[in-house]
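# Tertiary structure, described
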Amino acid sequence: MLEYKPNTVLSNEEFDTVGTNPIRHDGADKVTGRAKYGADTILPGMLYGKILRSPHAHAVIKSVDISAAAAHPGVHAVVTSADWPETSMKLVDLAEGSIHNLGFLSMNVLARGKALYKGHAIAAVAAVSVHVAEEATKLIKVEYEVLKPVLTAIEGMKPDAPILHERLASVASPALRPGGLLDDNADSMRTNIANEFEFNLGDVEQGFKDADVIVEKTTTTQAVHQGYIEPQAGVAQWSEDGKLTIFSSSQGQFTVRDHTARFLGIAVGQVKAVPMEIGGGFGAKGITYVEPIAALLSQKSGRPVKVQLSRTEVFEGTGPTSGTQISVKLGATKDGKLIAAEAELIYEAGAFPGSPVGAGIQCMMGQYDIPNGHLKAIDVVVNRPKSAAYRAPGAPSSAFCMETAMDELAEKLGIDPLEFRLMNIASEGVRRVTGPMTPLVGYTETLQAVKDHQHYNTKLEGKKRGRGIATGWWANNSGPASAVLVVNSDGTVSLTEGSPDIGGSRAAMAMHVAEVLGLPVTDIKPQVGDTDSIGFTSNTGGSSVTFKTGWACYNAAQSVKQQMIERAAKIWEIPDADVEYKEAVLQHISDPELKLNFKQIAARMVPTGGPIVASAGVNPPGPGPSIGVHLVDVEVDTETGKVEILRYTAAQDAGKAIHPAYVEGQIQGGAVQGIGWALNEAYIYNDDGALLNSSFLDYRMPTSLDLPMIDTIIVEVANPAHPYGVRGVGEVPIVPPMAAISNAIYDAIGIRMNDLPMSPDKILEALWAQEGK
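About the cut-offs
Residues numbered from 1 in each chain as written. Predicted model: local features only at pLDDT ≥ 70, side-chain atom pairs only at ≥ 80, totals over all residues. Heavy atoms only, no water. Pairing = 2+ DSSP bridges. Helix = DSSP H or I, 4+ residues; strand = E, 2+ residues; numbered from the N terminus. Phe/Tyr/Trp six-rings, centres within 6.5 Å; stacked < 30°, edge-to-face > 60°. Salt bridge = Lys/Arg side-chain N within 4 Å of Asp/Glu carboxyl O. Axes fitted to C-alpha atoms, helices over the stretch in contact; angles between N-to-C directions. pLDDT = per-residue confidence, 0-100. Contact = heavy atoms within 4.5 Å. Buried < 20%, exposed > 50% of the residue type's maximum accessible area, 1.4 Å probe, protein only. Domains from an automatic or database assignment. Buried area = accessible area lost by both parts, 1.4 Å probe. Polar contact = N/O pair within 3.5 Å; in protein donor to acceptor, adjacent residues only side chain to side chain. Nonpolar A, V, L, I, M, F, W, Y, C, P; charged D, E, K, R; others polar. Core = buried A, V, L, I, M, F, W, Y, C linked by side-chain atoms within 4.5 Å. Expected span 1.5 Å × (residues − 1). Left-handed = near helix turned anticlockwise from the far one by under 90°.

Taken in spatial order, the 3 strands of this open sheet run 5-3-7, and their pairing is antiparallel. Taken across any chain shown, the strands that pair with only one partner, and hence form the sheet edges, are strand 5 (114-115) and strand 7 (141-146). Of the strand pairs in this sheet, strand 3 (residues 59-65) and strand 7 are connected by 6 bridges, and their pairing is antiparallel. Residue pairing for strand 7: Ala59 is matched across the bridge by Val146.

Here it is as structure tokens:
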């Protein structure tokens, strides 16, 4: 057990295993290089796949000639979107109660009709080596009709903007209303606006009339990369009986299975997806890119095929988060009460619909009690890679706008920024502008924890130094999850669960089981199952795993506990009700001589009824939101424009920290990613839609040399919907940093920075503009 314990406040219940810091079960394999990732899979007779990508951001694909590539020595298969069955091209799939636009999903994997971004996959080759496959891709002849690209959402919304999709209807489209014309000629379907929706609460117009102080502002952010180390990789192999097995690193083996099966037009039961270890994802690996292509190449060649992306392909051909333009208007009374809010959020979806604008609008004001509000969200397709999730997708950008506006409003009112937020907390039962009621969450407690912290109470001294605060809100998700426990004869327990481990969840799941059974966590042997070995489990994402899969493990462990009671009762020939289970020991409630421990019962499983096996499948409600409050000190070099982070403190309501050291790591990691997003990171495109910084050499992410130690405060206000009080912790830490740093920069130099990143060149330009006034 680790001796180190993070700073935890307001812990309202202690457990035996939950709340401790055991060594992670997979740690030794990962640090010694024994862990197997997607690219480590090697099968007999395996071929290697490479992808031909569009050199244009927007172009009609007039023809694709693969004959020379197919005839090249060493090439065994060449595929294009023409190799998809017709079923993958239908508009909507309603399988398993979900809605997927399979046409758009398959078109993102292999372009059909149009290339919609530079790097869009056009064709793929399987050959005896990577080098032969690369040579063969150069032999594929593609005739393009190059079109003008749409590179920003604002451009895409103009009436004369080039149209990406000839047939595109948002939920607000008249074509979807009774009597609407849902056909290719409907004018309302010739648009780049993929979705548009609004929320209203109270009387916004009257709210602003009653306001004594009003603040309005607009912020912009650019697309940023998630920064995972491991490029996407997958291996596909068909058996003689038509069964497809896929080995890949993803955040959801069931998504890999389901999407690949539907693209290929086969039953999901014919596909087994095996989850390999994952070298980072942060949301980006919840989408399939390489697996369907590997499967198609393997099907056509009759050999196993590996497809692995290069770093450039990751940048150019997979999804970053969205660029945004967000406007907000806030009104408050002179005594500091927020009474009106209005906002418009415009998000870039990339080439296909589906930006995280929905989450952005839900999270923008979730922590505040605002009686009158109107929020509008717009999702716009542009000629860039389809956007993907990135840690609290959508929320960091909307928080950047909202939390800097809150600072401006607090300044105008003459109220301390932290106190102003305390005055406007949405308490339990308050209706949010977006509709749902606010559940129990420790917003007050988290703000108070920062207020009581040494950092907040230490005076910041020095020239061009500033302090900023910001908060973040994330709803957290749940979903279906499964777990299976098998008691071994030596008293250990094998745990198979369905959530890929991207943040220490194996250990957290084992701790759920160990807590119920009273066993050492080292006696629990966790593994992530493939799609044939475990029940359906939704993606690892949305800060859902410890909640939903934790529930599955908890329920399965309760079943094991009951079975152990039944075995003891059978041995002693007494009713089950007379057996007590406590700390892995079973004994008669009134006869202390009748006593057996867990290992002794396990050794007698066979003669007392056979193996002890338990399973659980859940879809639990009530994941409970998370709240983060970040405090940062910066120093601005007015000669170079460089912003240095001097001190950083992040507080968060974790509900109950199952493994506090891992919770602290999640908070620190999210804060660091937010710092990078705030100060340096951005996709930079030229006017033709070509990405200019498609490597980690040119895409600047912070290193340990750029940062101080991130101090953490773990607040524990238990979530009543979980047996141990868990709230997801992985996503909200990235929400406040950009706004907190912007507020700190303003405190240092008196300039509001409203465009991310707040890089040295932008700081200098702002300083020069200030001097020129």
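Read on for the rest.
Where two aromatic rings form a pair, the distance of their centres and the angle of their planes describe that pair. In total, this model carries 14 aromatic pairs according to the counting rule given. Considering the side-chain rings of Phe315 and Phe696, the 5.5 Å spacing of their centres and the 80 degrees angle between planes classify their relative orientation as edge-to-face. Taken together, the residues span a long stretch of sequence, with Phe315 in helix 9 (residues 311-317) and Phe696 in the loop between helix 17 (660-679) and strand 27 (710-715) at a distance of 381 residues. The rings of Phe315, Tyr683, Tyr685, Phe696 and Tyr699 are connected pair by pair, giving a single aromatic cluster.

Counted according to the given criterion, the structure contains 33 salt bridges. Among the salt bridges present, the one from Glu411 reaches Arg752, with a minimum N-O distance of 3.5 Å. One end of the pair, Glu411, is in helix 11 (residues 395-413); the other, Arg752, is in the loop between helix 18 (737-749) and helix 19 (760-772), and 341 residues separate them in sequence. One continuous salt-bridge network, built from bridges that share partners, spans Arg24, Asp26, Lys30, Glu277, Asp501 and Arg506.

Sheet architecture is open: 4 strands sit in the order 20-19-18-24, paired in mixed fashion. On the outer flanks of this sheet lie strand 20 (524-528) and strand 24 (613-618), each paired with one strand and no other. This sheet shows a mean twist of 15 degrees between the axes of neighbouring strands, independent of strand direction. As defined by bridge partners, strand 18 (residues 481-487) adjoins strand 24 across 6 bridges and the pair is classed as antiparallel. Along strand 24, the bridge assignment pairs Val486 with Val613.

The next point concerns the confidence of the model for the protein chain. Counting all residues, the mean pLDDT for the protein chain is 95, and 94% of those residues have values of 70 or more. Contacts from residues 93-99, a stretch scored under 50 in pLDDT, to residues over four places away or in other chains number 12 contacts.

In this structure, Pro757 follows Leu756 across a cis peptide bond, with omega equal to 0 degrees. If you check the backbone angles, Phe282 has positive phi at about 55 degrees while not being a glycine. Tracing the backbone through its elements, the reader meets Phe282 in the loop between strand 12 (271-275) and helix 8 (291-301). With relative accessibility at 29%, the residue Phe282 sits in the partly exposed group. At Ala392, a residue that is not glycine, the phi angle is positive and equals roughly 60 degrees. For Ala392, the position within the fold is in the loop between strand 16 (373-381) and helix 11. Take Ala392: its relative accessible area is 0%, and that puts it in the buried class.

Attention now goes to the domain arrangement of the protein chain. Interfaces are often sized by the accessible area lost when the parts come together. What the domain assignment reports for the protein chain is domain 1 (1-9 + 439-476 + 624-773) and domain 2 (481-618). The interface is formed by 16 residues belonging to domain 1 together with 16 residues belonging to domain 2. Around 1200 Å² of area is buried between domain 1 and domain 2 when both sides are counted, 66% of it from carbon and sulfur atoms. Along the contact surface separating domain 1 from domain 2 lie 0 salt bridges. At the junction of domain 1 and domain 2, the tally comes to 6 residue pairs in polar contact (both at pLDDT 80 or more). The residue inventory of the side of domain 1 that touches domain 2, partitioned by class, reads 8 nonpolar, 7 polar and 1 charged.

Ranked by internal contacts, the top residues of the largest apolar core, which has 102 residues, are Leu330, Met365 and Ile745. Sort the elements by how many residues they give to this core and helix 11 lands first, with 10 residues. Once residues lying within four places of it in the same chain are set aside, the contact partners of Ile745 are Val634, Val636, Val643, Gly750, Ile751, Met753, Met758 and Ile763.

With 19 residues, helix 11 should cover 27 Å at 1.5 Å per step; its first-to-last C-alpha distance of 26 Å lies within 8% of that length. The element helix 11 is extensively covered by neighbouring structure, given that 17 of its 19 residues are classed as buried. Where helix 11 ends, the next residue or the one after it, Gly414, has phi of about 70 degrees, a positive value.

The subject of this paragraph is the pairing of strand 2 (residues 47-53). With respect to burial, strand 2 is a largely interior element, 6 of its 7 residues being buried. Direction of pairing for strand 2 relative to strand 13 (residues 305-308): parallel, over a ladder of 3 bridges. The residue of strand 13 that forms the bridge with Gly49 is Val307. Note that strand 2 and strand 6 (residues 121-127) share 6 bridges and pair antiparallel. Each residue of the ladder has a partner; that of Gly49, found in strand 6, is Ala126.

This part covers the side chain of Ser398. Looking at where Ser398 falls in the secondary structure, it is placed in helix 11. Excluding its chain neighbours within four sequence positions, the residues that come into contact with Ser398 are Ile326, Leu345, Tyr347, Gly360 and Met364.

With that settled, consider the packing of helix 11 against helix 18. Closest axis-to-axis distance for the helix 11/helix 18 pair is 8 Å, and the angle between their directions is 35 degrees. Crossing geometry of helix 11 relative to helix 18 is assigned as right-handed. Contact with helix 11, carried on its side by Pro396, Ser397, Ala399, Phe400, Glu403, Thr404, Asp407 and Glu411, involves Met738, Ala739, Ser742, Asn743 and Tyr746 of helix 18 and no other residues of that element. Classifying every residue of the contact of helix 11 with helix 18 gives 6 nonpolar, 4 polar and 3 charged.

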